[in-house]
Amino acid sequence: VAQTAVALRDVGDAAKLVAYVVPTAELEPLFLKTHLTQHLPAYMVPDYFVLMKALPLTVNGKVDHKALNALLLPEPDSVSEDQPRTDTEQRLAAVWAEVLQRDLVGLHENFFELGGDSILGMQIIAKAHQAGLHLTPSQLFQHQTVAELAAVARSQLDTPSASQGPVTGPVPLTPIQRDFFTQALPDPHHFNQAVMVTVSPKVQPQALRQALQMLAVHHDGLRSRFYPQGGSWQQVIQPAESADVPLDDVDLSHLSGVAQTEAMAAATADLQTSFDLTNRPLFRAALLRLGVKGDRLLLIAHHLIVDGVSWRILVEDLETVYRQLASSLEVALPPKTPSVRDWGNQLMALASDKTFEAERQHWQQACAPAAALPADFEVDLGSNTVASTEEVTVTLAAAQTQVLTTAAAQTYRAQLNDLLLTALGQTLKSWTQSATVLIDLEGHGREVSLQNLQNLDLSRTVGWFTAVYPLRLKVPAGAIAEQLKSVKEQLRGVPHQGMGYGILRRLTPDPIPTSPAQISFNYLGQLQAPQSVAQEPALIHGLAPEPVGPLRSPAGDRRYLLDVIALIRNAQLQVIWRYSHRVHQRATIKAIAQRYLAALQAYTKPDAQAYTPSDFAAARVNQAQLDQLLGKIGGRRR
């Protein structure tokens, strides 16, 4: 490009950016657009590109904008084409549309600005594989549009696939599993995760029972047992032919009102305490018959064998297999990805060859003591128990959630997790009166950026892969844009998404210190039931509103004084604050939770933000907002 000028022109009922370009060689407008989308937010990419031999000039030698505005614009389809063209682009766009629940996805729309996050990214990768395309998590983070991603996607036939046969025998424990056993919990068998869904009134129990068994055959980790061995524990996967998933049929239809609620609570509590790490299956289900309320399906698994991403895989696969069985079709699931044994063996090898030793100083500094959280009552032994746990939940309205996950993310060029953590840092900073707060972050642990792990795609592997690591978070004073920039840099500075912390702490002979953080943060992503439930024989109709029962034994201690869990459910962002009523009063936590909600709402209200001149580079504003902002900084329109 030798010369260029950009102008805002009225096209129909809208104002559009038009780029006038003088190229030095043959140049396609679509190439220009693709190039710019890699460097600019979507709203700064021109809608039209006009190729010229020279720019018109005034007698003073300046660009003649009046002459430019008089030029005819090319047809939109020829320069601003945003529809997939190649077969790869079409397959990827269809996957994005399904996962992001959109009718269409443009070729140059940014994944994270459409509301995507790292957890949805795992679903993108899994479904791309089903469509015959091989991708890695790091590729999705580096190439955030369909156009860019299609350019690096490879055919699944060209990539090594995981073994599709059954996996049995001993499995090395992951760092998070080792961490679990070091806690010496009084009831280690009662530490679960669970999902409850509403199911079709025409549910076929026999097909459901058979579908559950097939899940345990396909997903090897569901057949795990754990055995004490010389002061530690050993994970062993049982043979596929011994797969057994208990399914209880609990009829509460003869009860109603309070009686039914109490009976359901008692039934779920019994189910939650039923596991045995060594002698019984660690995955089970219950069909709860509630009469006029409809039927519910409760799925429970010990946390040692599942995590948040695992549930998305299991629920979708259960729906798929059930439909196939109920329709008398051949059962077929997508190919397996590497097993928990493959992953465990690879982590042990990385620990042995000291791959993460260069990170040791980073994590030792991260584990330095930090300011304590203010407490309403004296914190002593036995005060912070599971039995004393209470929670406060605040909810962002659906419209504001939509703005936060799309427009705000686009405006600040930030992922939702960046926004959530910046707001958390602001809130804790004002509460603790400390410039630095120490937080233990939970990530899904499946993001692989190391070269020798690139082929270990865990997008469809069921297991506990969570990475927990400390972050010393500093939120500077100033405008929101500056705070976000700082937090983004700190998060991007965490080596390998925190994977090395667990390895250095649990898999090496010289373990690094334990994090002294008193608060944990976990973003669970967007919870949603499988789509296309209208056509029978569907199994799952949606997420159920009833509680799943106690996930942990009340006899245990809580690791943190405060657990903050964020998730999007029913299109609304919910933030759950768990605390001990023996440490904090409810009024205290409620005030902190409301302060956090207000910080998030500030991202959705541009007119309420404290802008500085540098913010104009990051903020998208309309003309009315521009006038208001210029008044704030003492500028004038030119």
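Residues numbered from 1 in each chain as written. Predicted model: local features only at pLDDT ≥ 70, side-chain atom pairs only at ≥ 80, totals over all residues. Heavy atoms only, no water.

Caption draft 1: Just the packing of helix α15 (residues 416–432) against helix α16 (residues 480–492), in detail. Closest axis-to-axis distance for the α15/α16 pair is 9 Å, and the angle between their directions is 110°. Considering their axes alone, α15 and α16 lie roughly perpendicular with respect to each other. The crossing of α15 and α16 is right-handed. Of α16, the residues touching α15 (which contributes Asp 418, Leu 419, Leu 421, Thr 422 and Gln 426) are Gln 483, Leu 484, Val 487, Lys 488, Leu 491 and Arg 492. (Axes fitted to C-alpha atoms, helices over the stretch in contact; angles between N-to-C directions. Helix = DSSP H or I, 4+ residues; strand = E, 2+ residues; numbered from the N terminus. Parallel < 35°, antiparallel > 145°, perpendicular 65-115°, else oblique. Left-handed = near helix turned anticlockwise from the far one by under 90°. Contact = heavy atoms within 4.5 Å.)

Caption draft 2: Representation of the side chain of Asp 457 in the model. Assignment of secondary structure puts Asp 457 in the loop between β14 (436–443) and β15 (467–474). Despite being buried, Asp 457 has no salt bridge partner; Arg 446 is the closest side chain of opposite charge, sitting 7.6 Å away. Of the polar contacts made by the side chain of Asp 457, one reaches the side chain of Ser 459; its length is 2.9 Å. (Buried < 20%, exposed > 50% of the residue type's maximum accessible area, 1.4 Å probe, protein only. Lys, Arg positive; Asp, Glu negative; His and termini not counted. Salt bridge = Lys/Arg side-chain N within 4 Å of Asp/Glu carboxyl O. Polar contact = N/O pair within 3.5 Å; in protein donor to acceptor, adjacent residues only side chain to side chain.)

Caption draft 3: Layout of the sheet that holds strand β11 (residues 283–289). Sheet architecture is open: five strands sit in the order β10-β11-β12-β7-β17, paired in mixed fashion. Edge positions in the sheet fall to β10 (247–251) and β17 (540–543), since each has one partner strand and no second. Taking each pair of neighbouring strands and ignoring which way they run, the sheet shows an average axis angle of 30°. As paired elements, strand β7 (residues 192–199) and β17 share three bridges and run antiparallel to each other. Directly across from Val 197, in β17, lies its bridge partner Leu 543. In the packing of helix α11 (residues 308–326) onto the sheet, contacts are made with β7, β11, β12 (295–302) and β17, and the angle to β12 comes to roughly 135°. (Pairing = 2+ DSSP bridges.)

Caption draft 4: The arrangement of unusual backbone geometry in detail. In this structure, Ala 184 takes a positive phi of about 50° despite not being glycine. Counting through the fold element by element, Ala 184 comes out in the loop between α8 (175–182) and β7.

Caption draft 5: Spatial organisation of the packing of aromatic side chains. All told, the structure shown has 13 aromatic pairs when counted by the stated rule. Here Phe 180 and Phe 181 contribute two aromatic rings whose centre-to-centre distance is 5.1 Å and whose plane-to-plane angle is 75°, an arrangement assigned as edge-to-face. Each member of the pair, Phe 180 together with Phe 181, is buried. Taken together through their ring pairs, the aromatic side chains of Phe 180, Phe 181, Phe 191, Phe 226, Trp 233 and Trp 464 make up a single cluster. (Phe/Tyr/Trp six-rings, centres within 6.5 Å; stacked < 30°, edge-to-face > 60°.)

Caption draft 6: Here's a closer look at the sheet that holds strand β2 (residues 14–22). The three strands are arranged β1-β2-β3 in an open sheet whose pairing can be described as mixed. Edge positions in the sheet fall to β1 (3–11) and β3 (48–51), since each has one partner strand and no second. Strand-to-strand twist across the sheet, computed as the mean angle between neighbouring axes with direction ignored, equals 25°. Where β2 and β3 come together, four bridges link them in parallel fashion. Its bridge partner lying in β3, Ala 19 is registered against Phe 49.

Caption draft 7: Region of the structure containing the pattern of salt bridges. Inspection of the entire model under this criterion finds 21 salt bridges. Of the charged contacts in the structure, one is a salt bridge between Asp 179 and Arg 559, with a shortest N-O distance of 2.8 Å. Residue Asp 179 is located in helix α8, and its partner Arg 559 is located in the loop between β17 and β18 (562–569); the two are separated by 380 residues in the primary sequence. On the basis of relative accessibility, which here comes to 5%, the residue Asp 179 falls in the buried class. Classification of Arg 559 as partly exposed rests on a relative accessible area of 38%. The salt bridge partner of Asp 220 is Arg 223, with a shortest N-O separation of 2.9 Å.

Caption draft 8: Region of interest: the side chain of Gln 234. Mapped onto the elements of the fold, Gln 234 is located in strand β9 (residues 232–237). Polar side-chain contacts of Gln 234 include one of 3.3 Å to the backbone oxygen of Val 171.

Caption draft 9: Up close: the nonpolar core. Ranked by internal contacts, the top residues of the largest apolar core, which has 71 residues, are Phe 521 and Trp 577. Residues contacting Phe 521, with those up to four places away along its chain left out, are Asn 417, Leu 420, Leu 421, Leu 424, Ile 439, Asp 440, Leu 441, Glu 442, Val 564, Ala 566 and Tyr 596. Ile 119, Phe 181, Ile 305 and Val 309 belong to the second-largest nonpolar core, a separate cluster that totals 60 residues. (Core = buried A, V, L, I, M, F, W, Y, C linked by side-chain atoms within 4.5 Å.)

Caption draft 10: Looking closely at helix α18 (residues 586–603). Under the 1.5 Å per step criterion, the end-to-end length of α18 is 27 Å for 18 residues, consistent within 8% with the ideal 26 Å. Turning to α18, its buried residues are Ile 589, Ile 592, Ala 593, Tyr 596, Leu 597, Ala 599, Leu 600 and Tyr 603. All buried residues of α18 project into a common sector of 155° when viewed along the axis, lining one side. (Expected span 1.5 Å × (residues − 1). Arc of directions from axis to C-beta.)

Caption draft 11: How the structure looks around the pairing of strand β19 (residues 572–580). Burial within β19 is extensive, with seven of its nine residues counted as buried. Note that strand β13 (residues 389–396) and β19 share eight bridges and pair antiparallel. Bridge assignment links Leu 396 to a residue of β19, and that residue is Leu 573. Across eight bridges, the pairing between β18 and β19 is antiparallel. The residue of β19 that forms the bridge with Ile 565 is Ile 576.

Caption draft 12: Seen up close, the confidence of the model for the protein chain. In the predicted model, the protein chain carries a mean pLDDT of 86, and 89% of its residues have values of at least 70. Confidence over residues 607–621 falls short of pLDDT 50; this stretch has 37 contacts with residues more than four positions distant or in other chains. (pLDDT = per-residue confidence, 0-100.)

Caption draft 13: Spatial organisation of the environment of Gly 493. Relative to the helices and strands, Gly 493 resides in the loop between α16 and α17 (499–506). Accessibility expressed as a relative area gives 47% for Gly 493, which makes it partly exposed. When the C-alpha positions of Gly 493 and His 362 are compared, they lie 10.0 Å apart, and in sequence the two are 131 residues distant.

Caption draft 14: Spotlight on the packing of helix α4 (residues 87–100) against helix α5 (residues 118–130). For the pair α4 and α5, the least separation of the axes is 9 Å and the interaxial angle reads 140°. With respect to α5, the element α4 is oriented oblique. Between α4 and α5 lies a crossing whose hand is right-handed. Touching Leu 92, Val 95, Trp 96, Glu 98, Val 99 and Leu 100 of α4 are Leu 120, Gln 123, Ile 124, Lys 127 and Ala 128, all from α5. For the contact of α4 with α5, the per-class residue count stands at eight nonpolar, one polar and two charged. (Nonpolar A, V, L, I, M, F, W, Y, C, P; charged D, E, K, R; others polar.)

Caption draft 15: Layout of α5. Here α5 contains 13 residues, and its C-alpha end-to-end distance of 19 Å stays within 8% of the 18 Å for a straight helix at 1.5 Å per residue. Counting buried positions over the 13 residues of α5 gives 11, a clear majority of the element. Buried residues in α5 make contact with α4, β4 (133–134), α6 (137–142), α11 and β16 (519–527). N-capping of α5 is provided by Asp 117, with a side-chain oxygen placed 3.0 Å from the backbone N of Ile 119. Of the residues one or two after α5, Gly 132 is the one with positive phi, at around 90°.

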